[in-house]
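The chain contents come next:
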Amino acid sequence: MSEKNLSHIEKIKTSSDALRGTIKESLLDEITGAVREQDHALIKFHGMYEQDDRDLREERGQKKLDKLYSFMIRLRIPGGLISPEQWIASHHIAGDYSTGVIKITTRQTIQLHGILKRDIKPTLQDFNEAKLDSIAACGDVNRNVICSAHPAQSPLHKEIHAYADKISEALLPKTKAYYEVWLDNEAIADKKDEDDPLYQDRYLPRKFKIAIAIPPDNDVDVFGNDLGLIAIVEDGKFVGFNVAIGGGLSATHGNPATYPRLATEIGFVGGDEKIMKVIYEVLTVQRDFGNRADRKLARLKYTVDKLGVEGFKKEVEARCGFELEPARQYEFKQRSDHFGWQQNSEGLWYYTVFIENGRVLDSEEVAMKTALLKVAESGKAQFRFTANQNLILGDIAETDKTEVEEILTEYGVIRHTESASPIRKASIACVAFNTCPLALAEAQRYLPALISKIEPLLTKHGIKDDEISLRMTGCPNGCGRSPLAEIGFIGTGYGLYNMHIGGDRLGNRLNVKYRDSVNEEGILNELDGLFESYSANRFSDETFGDFVIRQKLVTV
Ligand code: SRM
Ligand code: SF4
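This report concerns the structure included in the present document. Not measured: the values here are computed from a predicted model. (Residues numbered from 1 in each chain as written. Chains lettered and ligands numbered in written order. Predicted model: local features only at pLDDT ≥ 70, side-chain atom pairs only at ≥ 80, totals over all residues. Heavy atoms only, no water.)

**A short note on the coordination of the iron atom of ligand 1**
No other protein atom reaches the iron atom of ligand 1 as a donor apart from Cys 479 (SG), found 2.3 Å away. Structurally, Cys 479 is set in the loop between strand S17 (470-473) and strand S18 (487-493). (Donors = N, O, S within 2.8 Å, 3.2 Å for Na, K, Ca; no water. Helix = DSSP H or I, 4+ residues; strand = E, 2+ residues; numbered from the N terminus.)

**Let's talk about the site of ligand 2**
Every residue lining ligand 2 is accounted for by Cys 430, Val 431, Ala 432, Cys 436, Leu 438, Ala 439, Thr 473, Gly 474, Cys 475, Asn 477, Gly 478 and Cys 479. Broken down by class, the residue content of the shell around ligand 2 amounts to eight nonpolar, four polar and no charged. (Near = heavy atom within 4 Å. Nonpolar A, V, L, I, M, F, W, Y, C, P; charged D, E, K, R; others polar.)

**Overview of the site of ligand 1**
For ligand 1, the set of nearby residues contains 30 residues, the closest of which are Thr 105, His 113, Leu 249, Thr 435 and Cys 479. Interatomic distance of 2.6 Å between a side-chain N/O atom of Thr 105 and an oxygen atom of ligand 1. In this structure, Val 431 approaches ligand 1 through a main-chain N or O atom, which is 3.2 Å from an oxygen atom. If you list the elements that add at least two residues to the shell around ligand 1, you get strand S1 (48-52), strand S2 (69-74) and strand S5 (110-115). Counted by class, the shell around ligand 1 contains ten nonpolar, twelve polar and eight charged residues. (Polar contact = N/O pair within 3.5 Å; in protein donor to acceptor, adjacent residues only side chain to side chain.)

**Here we look at unusual backbone geometry**
Pro 216 follows Pro 215 through a cis peptide bond whose omega is 10 degrees. Look at the link from Phe 433 to Asn 434: it is a cis peptide, with omega at 5 degrees. Assignment of secondary structure puts Asn 434 in the loop between strand S16 (427-429) and helix H16 (447-460). At Asp 235, a position not held by glycine, the phi torsion is positive, near 50 degrees. Backbone geometry places Ala 432, a non-glycine residue, at a positive phi of 55 degrees. Looking at the secondary structure, you find Ala 432 in the loop between S16 and H16.

**A look at helix H13 (residues 401-410)**
Listed as buried for H13 are Lys 401, Val 404, Ile 407 and Leu 408. The arc that holds every buried residue of H13, seen down its axis, measures 135 degrees, which confines them to one face. Turned more than 90 degrees from where H13 packs its buried face, Glu 406, Thr 409 and Glu 410 sit exposed. Buried residues along H13 sit in contact with strand S11 (340-343), strand S12 (349-353), helix H12 (368-378), strand S15 (391-396) and helix H14 (413-419). Gly 412 sits one or two residues past H13 and shows a positive phi near 85 degrees. (Buried < 20%, exposed > 50% of the residue type's maximum accessible area, 1.4 Å probe, protein only. Arc of directions from axis to C-beta. Contact = heavy atoms within 4.5 Å.)

**A few points about the packing of helix H5 (residues 84-97) against helix H6 (residues 117-129)**
The description of two helices packed together rests on the angle between their axes and the distance between the axes. At a closest axis distance of 10 Å, the pairing of H5 and H6 adopts a crossing angle of 170 degrees. The orientation of H5 with respect to H6, classified from their angle, is roughly antiparallel. Judged by residue contacts, Ser 90, Ile 93 and Tyr 97 of H5 engage Asp 119, Pro 122, Thr 123, Asp 126 and Phe 127 from H6. By residue class, the composition of the contact of H5 with H6 is four nonpolar, two polar and two charged. (Axes fitted to C-alpha atoms, helices over the stretch in contact; angles between N-to-C directions. Parallel < 35°, antiparallel > 145°, perpendicular 65-115°, else oblique.)

**Here's the deal with the packing of aromatic side chains**
Under the defined criterion, the tally for this structure stands at 20 aromatic pairs. Summarising the aromatic geometry, the rings of Tyr 178 and Tyr 179 are spaced 5.8 Å apart at their centres and angled 80 degrees between planes, so their arrangement reads as edge-to-face. Note on Tyr 178: relative accessible area 4%, which makes it buried. For the ring pair Tyr 534 and Phe 544, a centre distance of 5.3 Å and an interplane angle of 90 degrees mean the geometry is edge-to-face. (Phe/Tyr/Trp six-rings, centres within 6.5 Å; stacked < 30°, edge-to-face > 60°.)

**Focus: the pairing of S15**
Of all six residues in S15, five are buried; the element is thus mostly enclosed. As paired strands, S12 and S15 are joined by four bridges and run antiparallel to one another. When the sheet's bridge partners are listed, Thr 352 is paired in S15 with Ile 392. Counting the residues in the hairpin turn of strand S14 (residues 382-385) and S15 gives five residues, including Gln 389, whose phi is positive at 70 degrees. (Pairing = 2+ DSSP bridges.)

**Some details on the environment of Glu 315**
Position of Glu 315 among the secondary structure elements: in helix H11 (residues 309-320). Classification of Glu 315 as partly exposed rests on a relative accessible area of 25%. Sequence separation of Glu 315 and Arg 299 is 16 residues, and the distance between their C-alpha atoms is 17 Å. Not counting chain neighbours up to four residues away, the residues in contact with Glu 315 comprise Val 285 and Phe 289.

**Focus on the sheet that holds S11**
Within the open sheet, the five strands sit side by side as S3-S14-S15-S12-S11. Their pairing is antiparallel. Unpaired on one side and paired on the other, strand S3 (81-82) and S11 mark the two borders of the sheet. Relative to S15, S14 runs antiparallel, the two being bridged by four bridges. Along S15, the bridge assignment pairs Gln 382 with Gly 394. Strands in contact with H5 are S3 and S14; relative to S14, the strand with the most contacts, it is inclined by about 70 degrees.

Printed below as a string of structure tokens:
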């Protein structure tokens, strides 16, 4: 591609001195709370975003004040697992430097918001002390590798989870910029140590996401990822992965060239070396064939559709030097989290805590943040985030279960988890206002209240125990994976949402737009009618998503 057609981010990347840019200078500039324009793009590769408080934008603008800049930092936590000590550290870092709210994301990690420029380094240094980092949590590289989170029913889960770490490590950029800029490490003497055969100096055309699903659970929404790996277990042994390519959930309002797409399964690969090779070469094909002119069309899904699924697969196979085997059999049976207590094959206990939209804070209803700190301080449980924005307190010994349970009871966590309705527990909302610069409508600040108005409708129609998946995003980027919900709301303007229906309960089918830009009254009217019809006419065990498709309310 000729230089002049490259998007401006491509130029920033190649001229960034391995992602250093002028970040150090930006940090020293006390006149503004922001970083320089090119550094704005580069800091994403270090796991952070520059934002401003959108609630205050207008008022500050009227007073001719600069925007109130702050930063969001997102950690890299492959498979979502951290130790109690790391939770304690995160709790205190959140209190010291951010808004104090810890946000569990849809990719099994945590983010902190509202960090001032001068506090970024202390934040990252404190995380580093706790052996946590934010390298490649954002940017045009492989992001946090996610993996089915559910309590290990079999010892194989450990073996498969280990791949999340291994893949994440293998696909990290080689640059040492993070250590130099944020942790004050000395500049490396020999730049050859930073040679990066995978990312070179241009990195990928766009973000890249990998998920590992362990059937029967599809809690990671494996088909919404650039690269989906579905673990295949035969005769009690993990034998390899089915490989799915080209998933992605974003679209842009008014741009028909953009669309959500489910990943397509292209075959099976077994054996550690071959598995790692296939993953690596999927990235190199995207690196070499992805669109570097238009970032709206740069995700892997568009490259797959450009080359054709077969064409893409052949290119991967040629680079690997071997062919994929035919995809193997598996079945997904659940996508939502398994709330409450579970025990694994080794006798260890797990408690899955419901955390509405992933926001860990103390509220009048539940002292979640305090409770989790107490559990962490007891040292009796590991912390595993789920891709549904919840938390599993895991690996709890039989002898420690009572102690953990007492803490959870004392601070209202068990009541909170048990009393939430099935639809609330199966809901997801993205961040949206007040920090997301791309939000057109509210999501996590609004969905809980909307659900409180939807619950009586479910009760009225006798379907309150139905676990309908309902997701809301403040724009069509799909961060809360609304295109994969049975009912998805996608913000179009403040207080307005496109309403999509007809996704299936397991994440195998995208939903379809049903109504344009409806407000709350419209949403509740539509749902009232739909629930009435569903309750009266559904087959037994038929899910809401399947029902609306059978009734041809939308066409897939
Ligand atoms: Fe996302 C951009 C939040 C998961 C698709 N996403 C953003 C930004 C960073 C806005 C921005 O670019 O400035 C949001 C920050 C808001 C804030 O204030 O924190 C943001 N995305 C999130 C999180 C925190 C939502 C949540 O509430 O949990 C999730 C963080 C995941 C993580 O830990 O890495 C999050 N984002 C997703 C997902 C879901 C997933 O990966 O399973 C998607 C859809 C899947 C996909 O990628 O196709 C998603 N986010 C996007 C996109 C659209 C990308 C595209 O293909 O065009 C953007 C915009 C962009 O990249 O230009 C975006
Ligand atoms: Fe922001 Fe849109 Fe993502 Fe929501 S879906 S966090 S509004 S980019």
